[in-house]
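# Coordinate analysis (summary)
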Amino acid sequence: MVRIAVSREAFRGLFAFYAAKAHHDQKHDGEHCLTKLFRSSDDIPDGLLELWSERVNTLDPETVGNVLCPRARAVADGRVEYDHASDFLHALLRELNGKQH
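Residues numbered from 1 in each chain as written. Predicted model: local features only at pLDDT ≥ 70, side-chain atom pairs only at ≥ 80, totals over all residues. Heavy atoms only, no water.

## A look at the nonpolar core
Basically, it comes down to this: The criterion is simple. A nonpolar core is a set of buried Ala, Val, Leu, Ile, Met, Phe, Trp, Tyr and Cys residues joined through side-chain atoms within 4.5 Å. For the exposure calls, accessible area comes from a 1.4 Å probe over protein chains only, and a residue counts as buried if that area is under 20% of its type's maximum, exposed if over 50%, partly exposed in between. Helix numbers and strand numbers start at the N terminus; a helix is a DSSP run of H or I with at least 4 residues, a strand a run of E with at least 2.
Residues F11, F15, L34, W52, F88, L89 and L92 are the most contacted members of the largest nonpolar core, which totals 29 residues. Going through the elements one at a time, α1 (8-24), α2 (28-40), α3 (46-56), α4 (61-76) and α5 (85-96) are the ones with two or more residues in this core. Sorting elements by how many residues they give to this core places α5 first, with seven residues.

## Some points on the packing of aromatic side chains
Keep this limit in mind: Two rings belonging to Phe, Tyr or Trp (six-membered ring only in the last case) form a pair when the distance between their centres is within 6.5 Å. Interplanar angles under 30 degrees mark stacking, angles over 60 mark edge-to-face geometry, and anything in between is tilted. Our definition puts a charge over a ring when NZ of Lys or CZ of Arg is within 6 Å of the ring centre and also within 35 degrees of the ring normal.
Counted under the stated rule, the structure contains five aromatic pairs. Consider the rings of F11 and F15, whose centres lie 6.3 Å apart with planes at 35°: the pair is tilted. Separated by four residues within a single helix, F11 and F15 lie in helix α1, roughly one turn from each other. Comparing F11 with F15 shows no difference in burial state: the two are buried. Where F17 meets Y18, the ring centres are 5.2 Å apart and the plane angle is 80°; that geometry is what we call edge-to-face. Pairwise contacts between aromatic rings join F11, F15, W52, Y82 and F88 into one cluster. Lying across the ring of F38, R12 places its NZ or CZ 3.9 Å from the centre.

## Things to note about the pattern of salt bridges
Condition: When a carboxyl oxygen of Asp or Glu lies within 4 Å of a side-chain nitrogen of Lys or Arg, that pair is called a salt bridge.
Applying the stated criterion to the full structure yields seven salt bridges. Here D46 and R8 are joined by a salt bridge, their closest N and O atoms 2.9 Å apart. Placement of D46 in helix α3 and of R8 in helix α1 is noted, with a sequence separation of 38 residues between them. Here E95 makes a salt bridge to R71, at a shortest N to O gap of 2.8 Å. Placement of E95 in helix α5 and of R71 in helix α4 is noted, with a sequence separation of 24 residues between them. You can call E95 partly exposed: its relative accessible area is 30%. Here the salt bridges share partners, and the residues they tie into one network are E9, R12 and D42.

The following block contains the structure:
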């Protein structure tokens, strides 16, 4: 069994952090989108978290951060919207699949 490198709670924390920042920056559309992702992150399938963990473990943290942070900021800024936290995670995985060490 794969050890989950990033837990469901870590994603919830990410969405909560960016939602609080969007609130502080008065970007209410982004705050709403991130709050929706926060709530839906309870329902991220375990298999998707395992897939994420497998992919992340093959890359260095800087590469992962270079993909993760801009996507989270885009949601916080209201430039992009996902219907569910797993949609956000799928988008991250698609982008990471093109990255190498």
